[in-house]
Amino acid sequence: MPIYEFKCLECGEIIEKLFLNPEDPVELKCPKCSSESFERVLSTTSYAMGAGPGGNQPKLTTKSCGSSSQCMTLEIPGPAK
Ligand SMILES: [Zn+2]
């Protein structure tokens, strides 16, 4: 499950938001200053698939799946195993 972190543009508070359904509208409100202005930041804690500073970036490899087509394989290093 993707967890995104958002930073309040007013006071810098970081909040986490778990997206069960990506289609759901997102309502964000800062618990500190009640601002609704946020920017998305990449989570560095619980979800390692993002391009975080730890270097756990998914890498895309291609492998041949027959003579006329190619299959794409997403390799995710780390705890996803
Ligand atoms: Zn705030």
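Residues numbered from 1 in each chain as written. Predicted model: local features only at pLDDT ≥ 70, side-chain atom pairs only at ≥ 80, totals over all residues. Heavy atoms only, no water.

### What about the overall build of the protein chain?
Next, step 1: A tally of regular secondary structure across the protein chain gives zero helices and five strands.
Next, step 2: Going residue by residue from the N terminus, the α and β elements of the protein chain occur as β-β-β-β-β.
Next, step 3: Taking all 81 residues of the protein chain together, the buried fraction comes to 15%.
Next, step 4: Within the protein chain, contacts between residues at least 6 apart in sequence are counted, and of these 31% link residues at least 24 apart. (Helix = DSSP H or I, 4+ residues; strand = E, 2+ residues; numbered from the N terminus. Buried < 20%, exposed > 50% of the residue type's maximum accessible area, 1.4 Å probe, protein only. Contact = heavy atoms within 4.5 Å.)

### So, the coordination of the zinc ion
Next, step 1: The protein atoms that coordinate the zinc ion are Cys8 (SG), Cys11 (SG), Cys30 (SG) and Cys33 (SG), at distances of 2.3 Å.
Next, step 2: The coordination sphere of the zinc ion comprises four donor atoms, whose angles at the metal cover 104 to 118 degrees; the geometry is tetrahedral.
Next, step 3: In terms of primary sequence, the donors binding the zinc ion are separated according to C-x2-C-x18-C-x2-C.
Next, step 4: Assessed through its relative accessible area of 2%, Cys8 is described here as buried.
Next, step 5: Accessibility expressed as a relative area gives 40% for Cys11, which makes it partly exposed. (Donors = N, O, S within 2.8 Å, 3.2 Å for Na, K, Ca; no water. Tetrahedral: all angles 85-135°; square planar, octahedral: opposite > 155°, others 65-115°.)

### Description of the environment of Arg40
Next, step 1: Tracing the chain through its elements places Arg40 in strand S3 (residues 38-41).
Next, step 2: Filtering out sequence-adjacent residues up to four positions away, Arg40 remains in contact with Tyr4, Glu5 and Phe6.

### Focus: the confidence of the model for the protein chain
Next, step 1: Looking at the protein chain, the pLDDT average stands at 71 and 48% of residues meet or exceed 70.
Next, step 2: The element-level mean pLDDT for the protein chain is lowest in strand S4 (residues 59-64), coming to 55, with S3 highest at 89. (pLDDT = per-residue confidence, 0-100.)

### Considerations on unusual backbone geometry
Next, step 1: A positive phi angle, close to 65 degrees, is found at Ser34, a residue other than glycine.
Next, step 2: The class of Ser34 is partly exposed, set by a relative accessible area of 45%.

### A short note on the sheet that holds strand S1 (residues 3-8)
Next, step 1: If you trace the three strands from one edge of the open sheet to the other, you get S2-S1-S3, paired in antiparallel fashion. Strand pairing shows two members of the sheet lacking a second neighbour, strand S2 (14-18) and S3, which therefore form its edges. Averaged over all pairs of adjacent strands, the angle between their axes in this sheet comes to 35 degrees, without regard to strand direction. (Pairing = 2+ DSSP bridges. Axes fitted to C-alpha atoms, helices over the stretch in contact; angles between N-to-C directions.)

### A few points about the pattern of salt bridges
Next, step 1: For the structure shown, the criterion picks out two salt bridges.
Next, step 2: Between Lys7 and Glu39 there is a salt bridge, with its nearest N and O atoms 3.5 Å apart. Here the residue Lys7 occupies a position in strand S1, and Glu39 occupies one in strand S3, the gap between them amounting to 32 residues.
Next, step 3: Glu13 serves as the salt-bridge partner of Lys32, at 3.3 Å between the closest nitrogen and oxygen. (Salt bridge = Lys/Arg side-chain N within 4 Å of Asp/Glu carboxyl O.)

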